[in-house]
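# Tertiary structure, described
Here's the letter readout for the chains.
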Amino acid sequence: MPQHTRRRIAVIGGGANDEHPVSLASAAGVTRAVRALRHIAVPLTIGEDGTWRDDQDVALPAHRAVELLTGCDVAFPVLHGERGEDGTIAGLLELCGVPFAGSPVRAGALGMDKHATKLIAASLGIATANGRVVASGDAAGIAAAGLTPPFVVKPASGGSSNGVFVVPDVAGLADAVDRARAFGDPVLIEEYVTGREVDIAVFRDRRRAPRVGATLEISVAPGDVFGATEKYDGSARFTVPAPIDDADEAAVRAAATRLYDALGCAGVARFDFFVTAAGPVLNEVNTTPGMTERSQVPLMYAATGLDYTGLIAELLDAALPPAPQEEDPGEERRSGAAPSESGSAT
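Before going into details, it helps to say that this report is about the structure given with it. (Residues numbered from 1 in each chain as written. Predicted model: local features only at pLDDT ≥ 70, side-chain atom pairs only at ≥ 80, totals over all residues. Heavy atoms only, no water.)

## Some details on the overall build of the protein
Threshold: Labels follow the DSSP assignment, with helices taken as runs of H or I lasting at least four residues and strands as runs of E lasting at least two, numbered in each case from the N terminus. Relative accessibility thresholds used throughout: buried, under 20% of the residue-type maximum; exposed, over 50%; partly exposed, between the two (1.4 Å probe, protein chains only). Computed by Shrake-Rupley with a 1.4 Å probe, the accessible areas treat only the displayed protein chains as cover when residues are assessed.
Regarding its fold elements, the protein presents eleven helices and 15 strands. By the burial criterion, 53% of the 346 residues in the protein qualify as buried. As displayed, the protein offers around 14600 Å² of accessible surface, 52% of which is attributable to carbon and sulfur atoms.

Below is the structure:
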């Protein structure tokens, strides 16, 4: 996106879910970057009650929020979790004809559903933890999960490590499932995977070339998980690039890129793995990962030489439809991408 083309960029944050505060931080970072790029930022916030608000915290009726969105050249949604990352905001933007930096409905919905993601990964030959989905009231399913302890119990949808519990034995499963269900239903029970937690990010740039970030290792205590507290209290320890061998590095990069395309992702997505003695095991996918200046994804790209503002610029650039001279007739264009106001490369 060239500096001389000034654009109106809607930055959408907040959300009516338990990841609201995290999304606000991501939106604030993106807004700063948009302004540093000398574009016009149009911050819009969805309150925890679902109300849209402008940058003056004035409540907006739905039709006014749509008017503001359609008055922008491109949107950058950073709504984490349900009623946002799950394809909801993508559907609204597609119906409004507003190009956006992020995954379309299908990819967002599949990526948010951890069990569906596991099924797709397995079809690609990507290893995942043994697991079982337990619906509300399925006491027999909990007792007969048929898995080997210890376990990880978590909502099948949701993020920010909310509602994730490590359970040492079968006796503690029912209580953990009840606690996890407070954060979302159904609940996923998985066998605990022993390995190093290594994450990686992928996006495709304006010319559809894959841009893969550096691997990032998260220091996690043995027998624990990377929880919500460590994610946001500043105590998390990241190593970039992850000190893994070349074979594991190549396997993580290949699996992430294949899954990005199989899910139909756009924008940037983060792929979380456990690197085990048998190779990488997929943990989960985030199609709208944290995007503060110190979040994992910006750190991954900074290690490749692409700083935070440059990353936001690349994602905005990729979101806009190509100019006629750029467009590849054989390349499918994403549904809902309206032409830019000038029709030129940005």
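## Thoughts on the pattern of salt bridges
Where charged atoms from two side chains of opposite charge come close, those side chains can pair. Quick reminder of the rule: Salt bridge, as applied in this entry: a Lys or Arg side-chain nitrogen positioned within 4 Å of an Asp or Glu carboxyl oxygen.
Here the structure, examined in full by the defined rule, presents 17 salt bridges. With a shortest N-O distance of 3.9 Å, glutamate 284 and lysine 114 are connected by a salt bridge. Of this pair, glutamate 284 sits in strand β15 (residues 279-286) while lysine 114 sits in helix α5 (residues 114-123); the two residues are 170 residues apart in sequence, bridging distant segments of the chain. In terms of burial, glutamate 284 and lysine 114 fall into one category: buried. Across the pair arginine 196 and glutamate 217 runs a salt bridge, and its minimum N-O distance is 3.0 Å. Of the two residues, arginine 196 sits in strand β10 (residues 196-204) while glutamate 217 sits in strand β12 (residues 216-218), which places them 21 residues apart along the sequence. When salt bridges that share partners are traced, they join Lys118, Lys154 and Glu190 into one network.

## Some points on the environment of valine 152
Within the secondary structure, valine 152 sits in strand β7 (residues 151-155). Among the residues examined, valine 152 registers a relative accessible area of 10% and is labelled buried. Expressed as a C-alpha distance, the spacing of valine 152 and leucine 188, which sit 36 residues apart in the sequence, is 8.1 Å.

## A look at the environment of proline 155
What counts here: Any pair of residues with heavy atoms lying within 4.5 Å of one another is described as a contacting pair.
Looking at where proline 155 falls in the secondary structure, it is placed in strand β7. With 30 residues separating them along the chain, proline 155 and aspartate 185 place their C-alpha atoms 6.1 Å apart. Setting aside its immediate chain neighbours within four residues, proline 155 contacts Lys114, Asn162, Gly163, Ala180, Phe183, Gly184, Pro186, Val187 and Leu188.

## Notes on the nonpolar core
Basically, it comes down to this: Throughout this description, the term nonpolar core refers to a set of buried Ala, Val, Leu, Ile, Met, Phe, Trp, Tyr and Cys residues connected via side-chain atoms within 4.5 Å.
Of all hydrophobic cores here, the largest spans 54 residues; its most connected members are Val30, Phe76, Leu259, Phe271, Phe273, Met291 and Ile312. Residue contributions to this core peak at seven residues, all from helix α11 (residues 308-319). In this structure, isoleucine 312 is in contact with Val30, Ala33, Val34, Leu37, Phe76 and Met291, ignoring residues within four places of it in sequence. Among the nonpolar cores identified, the runner-up in size contains 18 residues, and Ala10, Leu44, Ala75 and Ala90 belong to it.

## Considering the packing of helix α1 (residues 20-36) against α11
As a reminder of what qualifies: Axis lines are fitted to C-alpha atoms, over the contacting stretch for helices. Their N-to-C directions set the angle, which ranges from 0 to 180 degrees. Roughly parallel refers to an angle under 35 degrees, roughly antiparallel to one over 145, roughly perpendicular to one between 65 and 115, and oblique to any angle outside these ranges. Classification used: nonpolar for Ala, Val, Leu, Ile, Met, Phe, Trp, Tyr, Cys and Pro, charged for Asp, Glu, Lys and Arg, polar for all others including Gly.
Two numbers describe how α1 lies on α11: the axes approach to 9 Å, and their chain directions differ by 85°. Judged by the angle between their axes, α1 and α11 are roughly perpendicular. For the pair α1 and α11, the contacting residues are Ser26, Gly29, Val30, Ala33, Val34 and Ala36 in the first and Tyr308, Thr309, Ile312 and Leu316 in the second. Of the residues that constitute the contact of α1 with α11, the class distribution is seven nonpolar, three polar and no charged.

## Some remarks on the side chain of threonine 117
You can see threonine 117 is positioned in helix α5. Note on threonine 117: relative accessible area 2%, which makes it buried. Here threonine 117 is in contact with Leu110, Gly111, Leu259, Leu282 and Val285, once residues within four sequence places are set aside.

## A short note on α1
Applied cut-off: To estimate how far a helix should extend, the number of its residues minus one is multiplied by 1.5 Å.
For α1, with 17 residues, the first-to-last C-alpha span of 24 Å sits near the 24 Å given by 1.5 Å per residue. When we look at burial in α1, the residues that qualify are His20, Val22, Ser23, Ser26, Ala27, Gly29, Val30, Thr31, Ala33 and Val34. Downstream of α1 by a residue or two, arginine 38 has a phi angle that is positive, lying close to 65°.

Geometric descriptors of this kind do not, in isolation, establish any biological role.
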